[in-house]
Structure formats: structure tokens, C-alpha cells
Amino acid sequence: MLRIKDPKPSLHFYTDILGMSLLQEMNMGNFTLYFLAYDAEEVNGVFARQGVLELTHNHGTESDPNFQGYSSGNSDPGRGFGHIAISVANIEEACARFERLGVPFKKRLTDGNMKNIAFILDPDGYWVEIVPRTLNL
């Protein structure tokens, strides 16, 4: 589960940019849960999939001028959680598309020693690793 400040940019990122589908939205009173995943054939039910991403929006954070955001888990305080990862058919094409869409990168394909992976940032600063479906290490 990832806590998000504002569901509008987060849902746009995960659905329109990463191509996930919003499976279910559950308003629980003072927070809302969003369940997202990639489309899969012959799947019955939200939790019958290989992987489901849960986003949690605590109501009010989107308009609170004093809200500092959540820890991405990659810096102090709050170090621990690292990132999620998605696989793509063609990593060069995917990264070029992210670049065209203005998605911020943490690591481009040309950065560092590992030239076959990239990291992009979601609206809350969480890292999303982009890997090819066939990863040669």
C-alpha cells in the first residue's frame, strides 16, 4: 500500500502513464482506497490477480498547506521501503514515452552502471523501477 497526497495526479500517473486499470475504489469515511492492476485475462475478482497496487488517500492531505508529504522510504527519516517495479516490452520506447510525458526520472537508462533499468518518480516521490520483460544481468 502506498499513501498518496492527492488521488487525482496519482490516479492519472498509474492509469494514464503506467497503463494500469482502476479495479475498485472504496471510500472508507476518512480515507479512500484505490486498487489498481494491469489487465489480465480470465481473472475473477480484485485479489485473484498476480499483483494489485493499493493506494490510500487520507482525506484532507490534498488541500493541507502544511502537509509535508510521505516518506518514499529511500531517505531519512523513514528509510526502509525502496520501490515497486513494472516490466515493459521495450524499455527504450517506454523511457522515451515517459520523457515525452514529462515524468521525472530518478535514474535514466544512460545513468550509472546498469544500463538496462530505469527509475521514474510518481507524484508522491515513490520510485518505480522500469525493467524489460527479459532482464539480462
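Residues numbered from 1 in each chain as written. Predicted model: local features only at pLDDT ≥ 70, side-chain atom pairs only at ≥ 80, totals over all residues. Heavy atoms only, no water.

A. Looking closely at the nonpolar core. Judged by nonpolar contacts, the single largest core of 27 residues is most densely connected at Tyr14, Leu18, Leu55, Phe98, Ile120, Val128 and Ile130. Among the secondary structure elements, those contributing two or more residues to this core are β1 (2–4), α1 (7–17), β3 (31–37), β4 (53–58), β5 (83–88), α2 (91–100), β7 (118–121) and β8 (127–132). Setting aside residues up to four positions removed in sequence, Ile120 forms contacts with Phe13, Leu18, Phe98, Val103, Pro104, Phe105, Lys106, Tyr126, Trp127, Val128 and Ile130. (Core = buried A, V, L, I, M, F, W, Y, C linked by side-chain atoms within 4.5 Å. Buried < 20%, exposed > 50% of the residue type's maximum accessible area, 1.4 Å probe, protein only. Helix = DSSP H or I, 4+ residues; strand = E, 2+ residues; numbered from the N terminus. Contact = heavy atoms within 4.5 Å.)

B. Fine view of the sheet that holds strand β6 (residues 105–107). Strand order in the open sheet formed by 4 strands is β5-β8-β7-β6, and the pairing between neighbours is mixed. Only two strands of the sheet have a single partner each, and these edge strands are β5 and β6. On average, each strand axis in the sheet is inclined to that of its neighbour by 30°, with strand direction left out of account. Relative to β8, β7 is paired through 4 bridges, and the arrangement is antiparallel. Bridge pairing links Ala118 to Ile130 in β8. (Pairing = 2+ DSSP bridges. Axes fitted to C-alpha atoms, helices over the stretch in contact; angles between N-to-C directions.)

C. Looking closely at the packing of aromatic side chains. Within the structure shown, the criterion is met by 4 aromatic pairs. Arranged with centres 5.7 Å apart and planes meeting at 70°, the rings of Phe119 and Trp127 form a pair that is edge-to-face. (Phe/Tyr/Trp six-rings, centres within 6.5 Å; stacked < 30°, edge-to-face > 60°.)

D. Region of interest: the environment of Lys8. As for its placement among the helices and strands, Lys8 is situated in helix α1. Residue classification places Lys8 among the exposed residues on the basis of a relative accessible area of 68%. Taking the C-alpha atoms as reference points, Lys8 and Glu62, 54 residues apart in sequence, are found 9.3 Å from one another.

E. Spatial organisation of the pattern of salt bridges. Tallying each qualifying case throughout the model produces 2 salt bridges. Between Arg79 and Asp76 there is a salt bridge, with its nearest N and O atoms 3.5 Å apart. A residue is classified by how much of its surface remains accessible, and Arg79, at 54% relative accessible area, is exposed. Owing to a relative accessible area of 59%, Asp76 belongs among the exposed residues under this scheme. (Salt bridge = Lys/Arg side-chain N within 4 Å of Asp/Glu carboxyl O.)

F. Looking closely at the pairing of strand β2 (residues 21–27). Here β2 runs beside β3; their pairing, made up of 6 bridges, is antiparallel. Looking at β3, one finds that Glu25 is bridged to Tyr34. Between the end of β2 and the start of β3, which pair antiparallel, lie 3 residues, with Gly29 showing a positive phi angle near 105°.

G. Structural detail: the sheet that holds β3. Strand order in the open sheet formed by 4 strands is β1-β4-β3-β2, and the pairing between neighbours is mixed. Single-partner strands in this sheet number two, and they are β1 and β2. In this sheet, adjacent strand axes meet at a mean angle of 25° when their direction is disregarded. Of the strand pairs in this sheet, β1 and β4 are connected by 3 bridges, and their pairing is parallel.

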